[in-house]
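# Chains, contacts and geometry: an overview
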Amino acid sequence: MIDIENLSKSYGSRTLWSDVTFTISRGEMLALVGPSGSGKSTLLNCLGLLDKPSTGTVRHEGKDITRFSRREIRGFRRDVLGYLFQNYALIENATVSENLKVAVKPRRSTRDQPGTTIAEALDRVGLSGREKETIHHLSGGEQQRVALARLMVKRPALVLADEPTGALDEANANMVVDVLRAMSEAGCAVVIATHSTSVREQCDRVFALGENDREPQRPTAALRTT
Ligand SMILES: Nc1ncnc2c1ncn2[C@@H]1O[C@H](COP(=O)(O)OP(=O)(O)OP(=O)(O)O)[C@@H](O)[C@H]1O
């Protein structure tokens, strides 16, 4: 579904990673690992069109998304992508249910499978009955669970998750990974940047950004498959 070829990212003379080449398929859950500062978030941002790689291509259905126009970027974010990022990207002054309603897709025909409803998603993330609460009154972990519920309602083809379990207790961390796993089993491609050994072990494949990438001016073949 996503073909990444010879991707590199440099800031000035510092190369974060280079020669990054791999494919992410539908139904696959992939862990992106590497030491702090190795560029995991930056790579996710490049895949999510929030940042641009210095060289290389990222193809979706044959089209290089790094060359998309603003209009194509908007369409790709709306129709294909789902983010689970550290700032949650929720509407702070709106309620839980208002934040989820923006993700509901109209069914184009009766053949369209009905998606997860807002009530089902909130129940799955343990936030039933909290629909009317305003986002900024929720804890960080609760906001993250709202972001996860929004992903379930949206059902994107590609999910990019940046340390999705970092701020959570063990039970909620397991719940997040279980939901992402269920989404991948339903045909979604999931990429998770993580330091967690347990999350890594639950993924289908692991890509490791190399330790040397932290060293300024030392370009490396950045990606290993384990
Ligand atoms: N706009 C920028 N200009 C210069 N350097 C930047 C810029 N954005 C990020 N960096 C640097 O790129 C490096 C990689 O950052 P990134 O957040 O991608 O790493 P990470 O592997 O996700 O780290 P962590 O595991 O700590 O979250 C960091 O050293 C960061 O300071």
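Cut-offs and rules
Residues numbered from 1 in each chain as written. Predicted model: local features only at pLDDT ≥ 70, side-chain atom pairs only at ≥ 80, totals over all residues. Helix = DSSP H or I, 4+ residues; strand = E, 2+ residues; numbered from the N terminus. Buried ≥ 20, exposed ≤ 12 C-beta atoms within 10 Å, placed from the backbone. Contact = placed C-beta atoms within 7 Å. Arc of directions from axis to C-beta. Core = buried A, V, L, I, M, F, W, Y, C linked by C-beta atoms within 7 Å. Pairing = 2+ DSSP bridges. Axes fitted to C-alpha atoms, helices over the stretch in contact; angles between N-to-C directions. Near = placed C-beta within 6 Å. Nonpolar A, V, L, I, M, F, W, Y, C, P; charged D, E, K, R; others polar. Parallel < 35°, antiparallel > 145°, perpendicular 65-115°, else oblique. Left-handed = near helix turned anticlockwise from the far one by under 90°.

If you look the protein chain up in an unreviewed UniProt entry, it shows as ABC transporter ATP-binding protein from Streptomyces echinoruber.

What the protein chain contains, in helices and strands, is 7 helices and 10 strands. Split into buried and exposed, the 226 residues of the protein chain put 36% on the buried side. Within the protein chain, contacts between residues separated by at least 24 positions form 68% of all contacts whose residues are at least 6 apart in sequence.

The next thing to look at is helix H1 (residues 40–47). Inspection of H1 places Lys 40, Leu 43, Leu 44, Cys 46 and Leu 47 among the buried residues, and these make up the whole buried set. For H1, the buried positions fall inside an angular range of 160° around the axis, keeping them on one side. Of the residues flanking the end of H1, it is Leu 49, one or two places downstream, whose phi is positive at about 60°.

Attention now goes to the nonpolar core. Residues Val 159, Leu 180, Val 190 and Ile 192 are the most contacted members of the largest nonpolar core, which totals 53 residues. When residues of this core are assigned to their parent elements, the largest contribution, 7 residues, is made by helix H5 (residues 140–154). Those residues within four positions of Leu 180 in sequence are excluded, and the remaining contacts are Met 29, Val 159, Ala 161, Val 190 and Ile 192.

Now for the sheet that holds strand E1 (residues 2–11). Taken together, 4 strands build an open sheet; the order of strands is E2-E1-E4-E5 and the sheet is antiparallel. Of all the strands in the sheet, just strand E2 (14–24) and strand E5 (63–64) have a single pairing partner and so form its edges. With 2 bridges connecting them, strand E4 (residues 55–60) and E5 associate as antiparallel partners. Paired with His 60 across the bridge in E5 is Lys 63. Here H1 sits on the sheet in contact with E1, E2 and E4, set at roughly 125° to E1.

Quick look at the pairing of E4 now. Where a strand is regular, its side chains alternate between the two sheet faces. One ladder, built from 5 bridges, connects E1 with E4; its direction is antiparallel. Pairing of Asp 3 across the sheet is with Arg 59, part of E4. Between E4 and E5, which pair antiparallel in sequence order, lie 2 residues; one of them, Glu 61, sits at a positive phi of approximately 50°.

This part takes up the site of the ligand. Taken together, Tyr 11, Leu 16, Gly 34, Ser 36, Gly 37, Ser 38, Gly 39, Lys 40, Ser 41, Thr 42 and Ala 193 are the residues near the ligand. The biggest single contributor to the shell around the ligand is H1, with 3 residues. Among the residues forming the shell around the ligand, the class breakdown is 3 nonpolar, 7 polar and 1 charged.

Here we come to the environment of Gln 202. If you trace the backbone, Gln 202 turns up in the loop between helix H7 (197–201) and strand E9 (205–209). Excluding anything up to four places from it in sequence, Gln 202 contacts Val 177 and Arg 181.

Between H5 and helix H6 (residues 170–185), the shortest axis-to-axis distance is 11 Å and the interhelical angle comes to 15°. By the angle between their directions, the pair H5 and H6 is classed as roughly parallel. For the element pair H5 and H6, the recorded crossing hand is left-handed. Note on element contacts: H6 touches H5 through Asn 172, Val 176 and Val 179, opposite Gly 141, Arg 145, Leu 148 and Met 152. Tallied by class, residues from the contact of H5 with H6 come to 4 nonpolar, 2 polar and 1 charged.

Time to look at unusual backbone geometry. Here the phi dihedral of Leu 49 falls at roughly 60°; this positive angle occurs in a residue that is not glycine. The exposure class of Leu 49 is partly exposed, given the 18 C-beta atoms found within 10 Å. For Glu 163, which is not glycine, the phi dihedral falls at a positive 45°. Among the structural elements, Glu 163 can be located in the loop between strand E7 (158–162) and H6.

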